[in-house]
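Survey of secondary and tertiary structure
Letter by letter, the chains look like this.
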Amino acid sequence: MNDSATGSDLDPSSLKRRIREAQAEFDEQFRKGAEVSALIRGRAHFFDSLISELYHAQNWPLAADGAPTVALVAVGGYGRGELHPHSDIDLLLLLDADAGADSTHVVEHLVLLLWDLGLPIGHSVRTVAECREEAEKDVTVMTNLLESRTIAGPERLRLSMNEAVATDKVWPAKAFFEAKAAEQDARHRRYENTEYNLEPNVKSSPGGLRDIQMLGWIAKRHFGTSDFEHLIGLGFLTAGELLALIEGRQYLWKVRWGLHMLAGRGEDRLQLDHQRELARLFGYEDGEGMLAVERFMHDYYRHVLALRELNDVVLQHFDEVIVRAGEETRIEPINARFCVHNDYMEVTSADVFRASPSALLEIFVLMANHDDVQGVRAATIRLIREHLDLIDEDFRNNRRNTRLFMDLLRSPHKLVSQLTRMRRYGVLGRYLPEFGRIIGQMQHDLFHIYTVDAHTMLLIRNLRRFSYNSSQEAYPLAHECFQAIPKLELLYIAGLYHDIAKGRGGDHSELGAVDAIEFCRRHELDADDTELVGWLVEAHLLMSSVAQRKDITDPEVIAEFAREVRTQARLDYLYVLTVADINATNPSLWNSWRATLLRQLYQETRSFLDAGVDREVDRQEWIGETRDAALNQLVDKGLDREEVLRLWQDTDEDYFLKHDQDDIAWQTEAVSQHDLDADGPLVRVRDQTHGHHGHEGATQIFIFTRDHPNLFAATVAALDQLNLSVLDARIHTSRRDLCFNTLMVLDENGQAVGRNQAQVEKIRETLTRVLREPEDFPDIVKRRVPRTLRHFRIPTSVEILNDPSTPHTEIRVMASDRPGLLARLGLIFMEEGIILQNAKIATLGERIDDVFFVTGADHRPIEDPARLEALRDAICQRLDEEAGLH
């Protein structure tokens, strides 16, 4: 392309046209597969020429040597000669010490010209002395100045600046390294120290471009070189590592260019919609159980993991040479193969792993048993990677190695740190090939926000956290159960294998159980332990499924679950694994309501197990005990026994099955004081406080009113307008058409609202008004669908089940989440003549998975196949049409 221009081409419209045409040409070359490194440097060169023309068109005051008093210097990424489509163009206008106000006026004019062109200019105006002053105060400024080159004007000013900020004057190499290392640690923490976020940042996430730049900054500051090849001669990089670094940088440059091009702005976050578009742009295709976007992101995660590993080892080497160079050498022998060198593990000789391959596992066992060891020295990390080929099938079946791995799982210190190191150094994926296959594997949805391997590491970290006293506040029952578990290593094995079969097709729980059992046999666990681990893997979703989809107030449900669990010990293992799994899948999934459901299921199951797992379930006994306990409470409060029984005479037995004695007493007392004819609908609101600390649960809304076909739809539509999410609905209609309805809700932040009196009053007022005339219920909410949800349009799926042992029909609806969905379903039920008895509402990322327990108008299960098919079709058609899927 032609970068030259005449004076007449420097008017803003001509310049804007040149910029547009140049960018269009660059993008066209990118789409045709041009080398991205040439494009980003070519784009930097284009702007060098354009900005230089503008510089030379200005009337600069001259210094004594006849040169202009201002130099135009590129800094930062632009200073490196790298410029992506919407990257900032960072400029330093470097003033001669004698520059006056006339120079400043010209500078302001030039900057205004650049802004008028719509360029993303980041600029500073400083003298050499001011550069030094600002650099001394801020390591970010110092970093920016490291990467500088003169675009136009006197080069002597930039050279003077470099001299002024040299290491012997400001930011010595040690201080600079420590500041940048702290900066990187803080940046990594913002991304939860994982490369594997659902929408990673190409530039700033761990393993991103910033990690590569970090190595360049340290090399530049300490060694005076920005060429990574020089680090090979200095012993800081191997030829293989240099190749991996260059390939990884090239890959991320390609992704970033494509991202900027598609977004039309300086977007560095790989949002879900852009992931799909990039996958198509780069030629990925669906196949073999993986979507094109999942294949693309799998490659992306593999690259950033490799770059993160490289960043770790090189920074460790820098730390040894720059920070610890003056330390007194302290060597603590461990055994013939290892020693601790200034708090870091090191081999005693370079041939340790070749002579004793088991040392590839032993080193991690030693670190897990020495709490004072901070890490592994860089040279030893490299040796581990160079000897990964020793981990073969014979290695995996060697009894010494299997015992070492079990020793690691039983170790007292930093198990997660050691497993994470093993994963990063490549050892874990070689020793457990089935784990190696899930490294970098993602699922393209909003429910799973980490890759499978990152999720697994988080799960094991959560398990370890339950051992700490600090976990008692947030996870009291998990902490209690963890203390009771006799063999924690079995829990960790189940954690390692629970999702190991993701992406293979089929049921990953069943396939994973097969792998887990094989692991146990290879590691010589006894038959009971092997059976327990296999069961935990196969049943790892069971407890959350029962708690969220089944009616856990039904003693038959509890009995069935208890018979599957069988023992208190297995219940403890499963509960702890379930809580750790939910929290490692997506932090937003764990809320007070899920905690309450799981705790209730745990406690009811424990009671059932205590009484004997083989005992028969007596529903009438269960109902009678609840009714009597509630009646005694009410009598103690001064209510007349006969009056209470009269109030209850029209309610069905399910009312006493689905509520505990406290709820029944609270609701009955309110009803006894209310005149429905005179006062209209009764609405009461309070928080559930059944937790150990009175803080777990949801907000309970009790409604007492006359029945109406639109009642449920009107209720949930009103709650939707209040930004409340319905989690559970228990609907009871008496023989006199009086409704005793209870709904559990949380606010938009997943919190109960009962302590906010203003919000409670607003709920009461809104529902009372709406339920006076439910046929005029508020419009179904049409809030804007969040960005992330818009990219997932899931066809509605409906499952209908009739269990002869239950008095209702169960309808399970899975569909794309959206505002107002529950109200729409309520309308469909009304129009189809369906009576809702109970509902369990679950939102899993971008989709809902709701279960409704319904009957026909005769209060009996719906058994007519034709009617069930029509109902299924009606739900699917209405919801899919509304979602734009038809």
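Here is what the cut-offs are and how they apply
Every residue gets a number counted from 1 within its own chain, in the order that chain's sequence is written. Local features in this predicted model are restricted to residues whose pLDDT is 70 or higher, and side-chain atom pairs enter the listing and the counts only when it is 80 or higher, whereas totals over whole chains, interfaces and linings include all residues. Note that water and hydrogens are dropped before the side-chain values are worked out from all heavy atoms of the structure. Being paired, for any two strands, means DSSP has found at least two bridges between them. Secondary structure elements follow DSSP: runs of H or I of four or more residues count as helices, runs of E of two or more count as strands, with numbering from the N terminus. Here a crossover is taken to be right-handed if, once the strands point away from the viewer, the path from the first strand over the helix to the second is traced clockwise. Here the term buried applies to any residue with accessible area under 20% of the maximum for its type, exposed to any over 50%, and partly exposed to those in between, with areas from a 1.4 Å probe on protein chains only. An expected span of 1.5 Å times one less than the residue number is assigned to each helix. The contact criterion used is simple: two residues touch if any of their non-hydrogen atoms lie within 4.5 Å. To get an axis, a line is fitted to the C-alpha atoms, and for a helix only the part in contact is used. The angle between two axes follows their N-to-C directions and goes from 0 to 180 degrees.

1. Brief notes about the pairing of strand 3 (residues 121-127)
Pairing analysis gives seven bridges linking strand 2 (residues 89-95) to strand 3, with the strands arranged parallel. Bridge assignment links D90 to a residue of strand 3, and that residue is G122. Between the parallel pair strand 2 and strand 3, the chain is carried across by helix 4 (residues 101-116), and the sense of this crossover is right-handed.

2. Digging into helix 19 (residues 415-425)
With 10 of 11 residues buried, helix 19 lies mostly within the body of the structure. Looking at helix 19, one finds that the buried residues are L415, V416, Q418, L419, T420, R421, M422, R423, R424 and Y425. Directly after helix 19, the chain includes G426, whose backbone phi takes a positive value near 90 degrees.

3. Details of the pairing of strand 15 (residues 835-840)
In terms of residue burial, strand 15 counts as a mostly covered element, since five of its six residues are buried. Here strand 11 (residues 725-730) runs beside strand 15; their pairing, made up of three bridges, is antiparallel. Bridge pairing links R730 to N838 in strand 15. Bridge count for strand 15 against strand 17 (residues 847-855) is five bridges, and the pairing is antiparallel.

4. Structural notes on helix 11 (residues 239-263)
For helix 11, spanning 25 residues, the distance from its first C-alpha to its last is 36 Å, which sits close to the expected 36 Å at 1.5 Å a residue. One or two steps after helix 11, the chain reaches G264, where phi turns positive at roughly 70 degrees.

5. Some points on the sheet that holds strand 7 (residues 344-347)
Within a beta sheet, neighbouring strands are joined by backbone hydrogen bonds and run either parallel or antiparallel to one another. Read across the open sheet, the four strands follow the order 5-6-7-8; overall the sheet is mixed. One side of each edge strand has no neighbouring strand; the edge strands of this open sheet are strand 5 (331-333) and strand 8 (375-376). Here two bridges tie strand 7 to strand 8, and the two strands are oriented parallel to one another. Across the sheet, the residue bridging to M345 is V376, located in strand 8. The strands that helix 16 (residues 378-386) touches are strand 7 and strand 8; relative to strand 7, the one it contacts most, it runs at about 55 degrees.

6. Things to note about the sheet that holds strand 1 (residues 70-74)
Ordered in space as 3-2-1-4, the four strands form an open sheet in which the pairing is mixed. In the strand order of this sheet, the two ends are held by strand 3 and strand 4 (149-152), each with one partner. Between one strand axis and the next, the sheet turns through 35 degrees on average, direction left out of account. Each of strand 2 and strand 3 touches helix 5 (residues 128-137); the most contacted strand, strand 3, lies at about 110 degrees to it.

None of the figures reported here should be taken as evidence of function without further support.
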